[in-house]
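Here are the chains, one letter per residue:
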Amino acid sequence: MAQYERPSIKLVSSILPSKGGQTCYKSPLTDIDGISTNRLVKQYGSPLFAVSEKQIRENIREAKLVFNRFYPKIQFAWSYKTNYFDEVCKVFHQEGSIAEVVSSFELEKALRNGMPGNKIIFNGPNKKKEDLIYAIHKKVIIHIDSFDELYLLESLAEHLNVPVKTAIRLNMKTGTNNEWERFGFNYENNEAFSAAKRIINSKHLKLIGIHCHIGTFILSTNPYKVAAQKMVHFALRIRKELNSTIDYIDMGGGFASQNTLKAYNNMSIPSLSNYANSITKELFNSEFNEEERPTLVLETGRALIDNAVTLLASVISSKRNRTGHRLLTIDAGVNLLYTSFWYNHEIVPTKPYTDFYEDTTVYGPLCMNIDVIRESVLLPAVRKDDVVAILNVGAYNMTQWMQFINLRPTVVMIKDDGSINLLKEKDSTDSVKY
Ligand SMILES: *Cc1c(COP(=O)(O)O)cnc(C)c1O
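Residues numbered from 1 in each chain as written. Predicted model: local features only at pLDDT ≥ 70, side-chain atom pairs only at ≥ 80, totals over all residues. Heavy atoms only, no water.

### Brief notes about the site of the ligand
Note the cut-off: By convention in this text, a residue qualifies as near a molecule or strand provided that one of its non-hydrogen atoms is within 4 Å of it. We define a polar contact as two N or O atoms separated by no more than 3.5 Å, with the added condition that, inside protein, one atom must be a possible hydrogen donor and the other a possible acceptor, whereas residues neighbouring each other in sequence contribute only through side-chain atom pairs. Every accessible area reported is derived by Shrake-Rupley at a probe size of 1.4 Å, with residue values counting cover from the shown protein chains alone. The classification used treats Ala, Val, Leu, Ile, Met, Phe, Trp, Tyr, Cys and Pro as nonpolar, Asp, Glu, Lys and Arg as charged, and all other residues, Gly among them, as polar.
Around the ligand, the structure places 16 residues, and the nearest of them are Lys81, Thr216, Glu299, Gly301 and Tyr396. Within the contact set of the ligand, an oxygen atom lies 2.9 Å away from a backbone nitrogen or oxygen of Arg302. Between the ligand and the protein, one listed contact pairs an oxygen atom with a side-chain N or O atom of Tyr396 at 2.5 Å. Taking 390 Å² as the accessible area of the ligand by itself, protein coverage stands at 95%. Of the residues in the shell around the ligand, the class split is one nonpolar, ten polar and five charged.

Rendered as structure tokens:
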């Protein structure tokens, strides 16, 4: 039952949408997979990140299903930097995803999470000599990013006298506004072809794949179509001119999640099936015959995890500015919610209220003016100590959060069987010495 709400008088400067102000309804997030959100906060404190194991499994299963509808050989690789809580990674691994890592730290994590080296893709521009030696030792698949790395890897493999499985990352024009040209070898100027040639002619390095990752939160499927065309063309050229075949084409990540970018108002997000269609068409239309068809590797990050994590936060205070506009301060700030700088994260109540919704600015608890979670969001009459839920926060926040002013919070996972797993305890004054 809704609680009594104290009436308030507010100057409305725009045309009145209804007598009572804005009417709106947002379903309250009363529970996550059957566990009461208010109970979670009572038990584990506020703010609290809650991960849904069920949602992760649903996401990856659906993605596999969708892509398999279009193409028979699909391999997902979980992008560790998107969310590297071990329990999260393990769920992806259980569902058949291999690991995609971009640092020696992430590499070690993947090994500890039970991935054998040949199921780990080592990407990124930052592979030091000792990292490469370690990776070679563990038989990890190394995606080479530069000629410097290629020469180093070649000499290490020769010195250790072992074969090393590699792929090269390609960068290319795909029609996106900002072309990511700093990673990998350029396609258009033949740099990538020279790199491939060098690897194929090398005694110890083996070229088993080609890779690209053309951007992130890409709102159109066309760049993928262009990229897939170029990747296929490249693979065929290697076959023709260098008489060498590759096992896989890795199209990286970059699919948009169900979040709203601040810069776009009514944007529509392509479905996984739209992305899948654009990519796989190019693979099918190519000259590869059935056995030759390369495996399609996908390193999808945010689109598979964003909606599986909710940030529960409590209202610290509710006040009004000079013009009567409501200002809410909650106990979760931008240091926990890095993505709030470019998303309009949806915020919903966690219990029913009346249908009077008011335009509200939501601030975090930091003593910084930039600590704004939403400049403008419709919320019902939440008051002090009420819990609100910030939705779709699973990607990049828990890996990029900052220790700042307040101790970083507890993280729990709601398990498939309804139990609650403590993934991380709230930091303590003892654990934060600097
Ligand atoms: C970050 C990253 C991903 C994941 O990207 P999303 O946009 O989250 O899907 C995949 N591959 C590489 C190489 C990355 O750096």
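So that's the structure; there's more coming.
### Quick word on the domain arrangement of the protein chain
Our working rule: Per the annotation, domain bounds derive from an automatic or database assignment of domains. Residue contacts are defined here by distance: any two heavy atoms, one from each residue, within 4.5 Å place the two residues in contact. Accessible area that two parts lose when put together, evaluated with a 1.4 Å probe and summed over both, is termed the buried area. Think of a salt bridge as a Lys or Arg side-chain nitrogen and an Asp or Glu carboxyl oxygen that are within 4 Å of each other.
Examined at the domain level, the protein chain breaks down into domain 1 (22-52 + 308-427) and domain 2 (84-300). Distance from the C-alpha centre of domain 1 to the C-alpha centre of domain 2: 35 Å. Contacts between the two partners involve 18 residues from domain 1 and, on the opposite side, twelve residues from domain 2. Buried area between domain 1 and domain 2, summed over both chains or domains, comes out near 1200 Å², and the portion from carbon and sulfur atoms is 58%. The three residues of domain 1 that bury the most area against domain 2 are Tyr343, Asn344 and Thr399, which together make up 38% of that side's buried surface. Counting the contacts that link domain 1 with domain 2 gives one salt bridge.

### Describing a nonpolar patch on the surface
Defined as follows: Patch criteria: residues need more than 30% relative accessible area and no salt bridge. Like-charged residues are merged within 9 Å; nonpolar side chains of Val, Leu, Ile, Met, Phe, Trp and Tyr are merged within 5 Å. Each helix is a run of DSSP H or I of at least 4 residues and each strand a run of E of at least 2, with the numbering of both proceeding from the N terminus. Buried means the residue's accessible area, taken with a 1.4 Å probe over protein chains only, is under 20% of the maximum for its type, while exposed means over 50%, and partly exposed covers the values in between.
A surface patch of nonpolar side chains, about 660 Å² in accessible area, is lined by Phe341, Trp342, Met368, Ile370, Met402, Phe404 and Ile405. Position of Phe404 among the secondary structure elements: in the loop between helix 11 (397-400) and strand 20 (410-414). The exposure class assigned to Phe404 is partly exposed, which follows from its relative accessible area of 31%.

### Describing the packing of helix 5 (residues 129-137) against helix 6 (residues 147-160)
Under the convention used in this document: Inter-axis angles, ranging from 0 to 180 degrees, are taken between N-to-C directions of lines fitted to C-alpha atoms, where helices are fitted over the stretch in contact. Orientation categories follow fixed angle ranges, with anything under 35 degrees roughly parallel, anything over 145 roughly antiparallel, 65 to 115 roughly perpendicular, and all other angles oblique. It is the rotation of the near helix from the far one that decides the hand of a crossing: anticlockwise by less than a right angle makes it left-handed, clockwise makes it right-handed.
Taken N-terminus to C-terminus, the directions of helix 5 and helix 6 make an angle of 50°; their axes are 10 Å apart at the nearest point. Comparing the axis directions of helix 5 and helix 6 gives the class oblique. Judged by the sense of rotation from one axis to the other, the crossing of helix 5 with helix 6 is right-handed. Mapping the contact onto sequence places Lys129, Leu132, Ile133 and Ile136 in helix 5 and Glu149, Leu152, Leu153, Leu156, Ala157 and Leu160 in helix 6. Counted by class, the contact of helix 5 with helix 6 contains eight nonpolar, no polar and two charged residues.

### Focus on the packing of aromatic side chains
Formally: Pairing of aromatic side chains here covers Phe, Tyr and the six-membered ring of Trp, requires ring centres within 6.5 Å, and sorts the geometry by plane angle: under 30 degrees stacked, over 60 edge-to-face, intermediate tilted. The criterion is that NZ of a Lys, or CZ of an Arg, lies within 6 Å of the ring centre and within 35 degrees of the ring normal, and then a charge sits over that ring.
According to the stated counting rule, one finds 17 aromatic pairs in the structure shown. When the centroid spacing of 6.0 Å and the interplanar angle of 15° are considered together, the rings of Phe67 and Phe255 count as stacked. With a gap of 188 residues between them, Phe67 in helix 2 (residues 53-70) and Phe255 in the loop between strand 12 (248-250) and helix 9 (272-284) connect regions that are remote in the sequence. Both residues of the pair, Phe67 and Phe255, belong to the buried class. Between the aromatic rings of Tyr84 and Phe105, the centroid separation amounts to 5.3 Å while the plane-to-plane angle is 90°, which identifies the pairing as edge-to-face. Of this pair, Tyr84 sits in the loop between strand 5 (74-79) and helix 3 (86-94) while Phe105 sits in helix 4 (residues 104-112); the two residues are 21 residues apart in sequence, bridging distant segments of the chain. Residue classification places Phe105 among the partly exposed positions, given a relative accessible area of 44%. Taken together, the aromatic side chains of Phe67, Phe76, Tyr224, Phe255 and Tyr275 make up a single cluster linked through ring pairs. When the ring centre of Phe122 is taken as reference, the NZ or CZ atom of Lys127 above it lies at 5.6 Å. Above the ring of Phe193, the side-chain terminus of Arg237 is found at 3.6 Å from the ring centroid.

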